[in-house]
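# Working through the structure, step by step
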Amino acid sequence: MEIINRRQRMSSVARKIRREQDKSVGLVPTMGALHEGHLSLVREARQMCDIVVVSVFVNPAQFAPNEDFAQYPRDLTKDTALLTDYNVDYIFAPTAEEMYPKGYATYVTVEGLSDQLEGVSRPGHFRGVATVVTILLNTIRPDFAFFGQKDAQQAVIIKRLVRDLALDTEIVVLPTVREDSGLAMSSRNVYLSAEERDAAKVIHKALVKAKEAYKAGERNGGKLVDLVHRMVDAEPRARVDYVNIANADNLERLDKLEDQPILISVAVFVGKTRLIDNILMNAGAKKKDALVKV
Ligand code: AMP
């Protein structure tokens, strides 16, 4: 395994693999502090592709000035050991200066999709995400890039970006990996105290309850939103930022639920930590362009 820090080296290595060796390349973009959620993407990439590249880059462009860029957990030594065990071929770990050199001026915005949900609470976040993913896809030109359903809005935005800009990469979205308690794995879970971690279980529990209500025949989107809201608010350490129900493919808000793939997504403060999660319902309704590969 080689750790690459330079964009130019990364792009020439990837070009060689594609052109001279005619091998498929899979990219798993991450911000490091790897956990089982990231590793599930790496495992799938390893199975699907000849060569696996994992990028580890805490992208300053996707953090607002008041957010946790400085505290965000970083441990490249541990990440490298994990990725060695998973037989990854390359780690791409550039510095911020390497990704955004002096004079950098080009940003990518996926309009509409970026302005709702996480985009409301975190203005500029998806501009940063879309920009860094575009740079990574252009540098490496992977056949496949792997993302988690955990960040459902991000996955929808990246699919749109790839389609709109005619990028030659297939986006693969994989299910959310959870702790035994149901809490979605996240690098930010390290911010939680033991009590907060326990309280955070309510998020997945509430989403599961909503899915059960849907399965039992509830077709009023607002009622499912209320159910999640009430259950989370009943936990004293948790505070809802938003609960939203939308078409899982295009994030259009839904009131009356019909035969479409449905996504309930939430952001919840547990103590000072902001956690996001979601649940997919009726995923089978989609005929093509599935959000989650099954
Ligand atoms: P991050 O390092 O948080 O930027 O995440 C890198 C990738 O891992 C993104 O595609 C995330 O959606 C994905 N990911 C993060 N947490 C999970 C999880 N619990 N299950 C599955 N994928 C995840």
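Scroll up for the structure.
Residues numbered from 1 in each chain as written. Predicted model: local features only at pLDDT ≥ 70, side-chain atom pairs only at ≥ 80, totals over all residues. Heavy atoms only, no water.

### Quick word on the environment of D168
For D168, the location among the structural elements is in the loop between helix 7 (152-164) and strand 6 (170-174). We classify D168 as exposed; its relative accessible area is 76%. (Helix = DSSP H or I, 4+ residues; strand = E, 2+ residues; numbered from the N terminus. Buried < 20%, exposed > 50% of the residue type's maximum accessible area, 1.4 Å probe, protein only.)

### Topic: a nonpolar patch on the surface
A surface patch of nonpolar side chains, about 240 Å² in accessible area, is lined by M1, I3 and L76. Tracing the sequence through the fold places M1 in the segment before strand 1 (2-4). (Patch = residues over 30% accessible without salt bridge, like charges linked within 9 Å, V, L, I, M, F, W, Y side chains within 5 Å. Areas by Shrake-Rupley, 256 points an atom, 1.4 Å probe, with all protein chains shown as cover. Salt bridge = Lys/Arg side-chain N within 4 Å of Asp/Glu carboxyl O.)

### A short note on the sheet that holds strand 5 (residues 144-148)
Ordered by their spatial adjacency, six strands build an open sheet running 1-4-3-2-5-6, and the pairing between neighbours is parallel. Because the sheet does not close on itself, it has two edges, and the strands there are strand 1 and strand 6. Direction aside, the axes of adjacent strands within the sheet are offset by 25° on average. In this structure, strand 3 (residues 51-56) lies alongside strand 4 (residues 90-92), joined through three bridges in parallel fashion. Residue V54 lies in a different strand from strand 4, and its bridge partner there is I91. Those strands touched by helix 3 (residues 76-85) are strand 1, strand 3 and strand 4, and its axis lies near 165° from that of strand 3. (Pairing = 2+ DSSP bridges. Axes fitted to C-alpha atoms, helices over the stretch in contact; angles between N-to-C directions. Contact = heavy atoms within 4.5 Å.)

### A look at the pairing of strand 8 (residues 262-270)
With respect to burial, strand 8 is a largely interior element, eight of its nine residues being buried. Across nine bridges, the pairing between strand 7 (residues 238-247) and strand 8 is antiparallel. The partner of R239 across the bridge, within strand 8, is F269. If you look at the hairpin formed by strand 8 and strand 9 (residues 273-281), you'll find two residues sitting between the two strands, and G271 has a positive phi there, around 60°.

### A word on the environment of Y214
Mapped onto the elements of the fold, Y214 is located in helix 9 (residues 201-215). Placed 58 residues apart in sequence, Y214 and V156 show a C-alpha to C-alpha distance of 23 Å. Dropping the residues within four chain positions of it, Y214 is found in contact with R219, L224, L257, E258, I262, M281 and N282.

### Overview of the site of the ligand
Taken together, 17 residues surround the ligand, and among them M31, H38, D151, V177 and M185 come closest. Between the ligand and the protein, one listed contact pairs an oxygen atom with a side-chain N or O atom of H38 at 2.8 Å. One nitrogen or oxygen atom from the main chain of M185 is found 2.9 Å from a nitrogen atom belonging to the ligand. Contact with the protein chains hides 92% of the accessible area of the ligand, taken as 480 Å² for the molecule alone. No other element matches helix 2 (residues 36-48), which puts three residues into the shell around the ligand. Tallied by class, the residues present in the shell around the ligand amount to eight nonpolar, seven polar and two charged. (Near = heavy atom within 4 Å. Polar contact = N/O pair within 3.5 Å; in protein donor to acceptor, adjacent residues only side chain to side chain. Nonpolar A, V, L, I, M, F, W, Y, C, P; charged D, E, K, R; others polar.)

### Describing the packing of helix 6 (residues 125-140) against helix 7
Contact geometry of helix 6 with helix 7 gives a least axis separation of 11 Å together with a crossing angle of 50°. Here helix 6 is positioned oblique relative to helix 7, judged by the angle of their axes. Seen along the crossing, helix 6 lies across helix 7 with a hand that is right-handed. Only Q153, Q154, I157, I158, L161 and V162 of helix 7 make contact with helix 6, whose side of the interface consists of F126, V129, A130, V133, T134 and L137. When the residues that make up the contact of helix 6 with helix 7 are grouped by side-chain class, the tally is nine nonpolar, three polar and no charged. (Parallel < 35°, antiparallel > 145°, perpendicular 65-115°, else oblique. Left-handed = near helix turned anticlockwise from the far one by under 90°.)

### Some thoughts on the sheet that holds strand 9
Pairing in this open sheet of three strands is antiparallel, and the strands run 7-8-9 from one edge to the other. Looking at strand neighbours, the two that pair on one side only are strand 7 and strand 9, the edges of this open sheet. Neighbour to neighbour, the strand axes of the sheet diverge by 15° on average, direction disregarded. Along the sheet, helix 9 makes contact with strand 7, strand 8 and strand 9, crossing strand 9 at roughly 20°.

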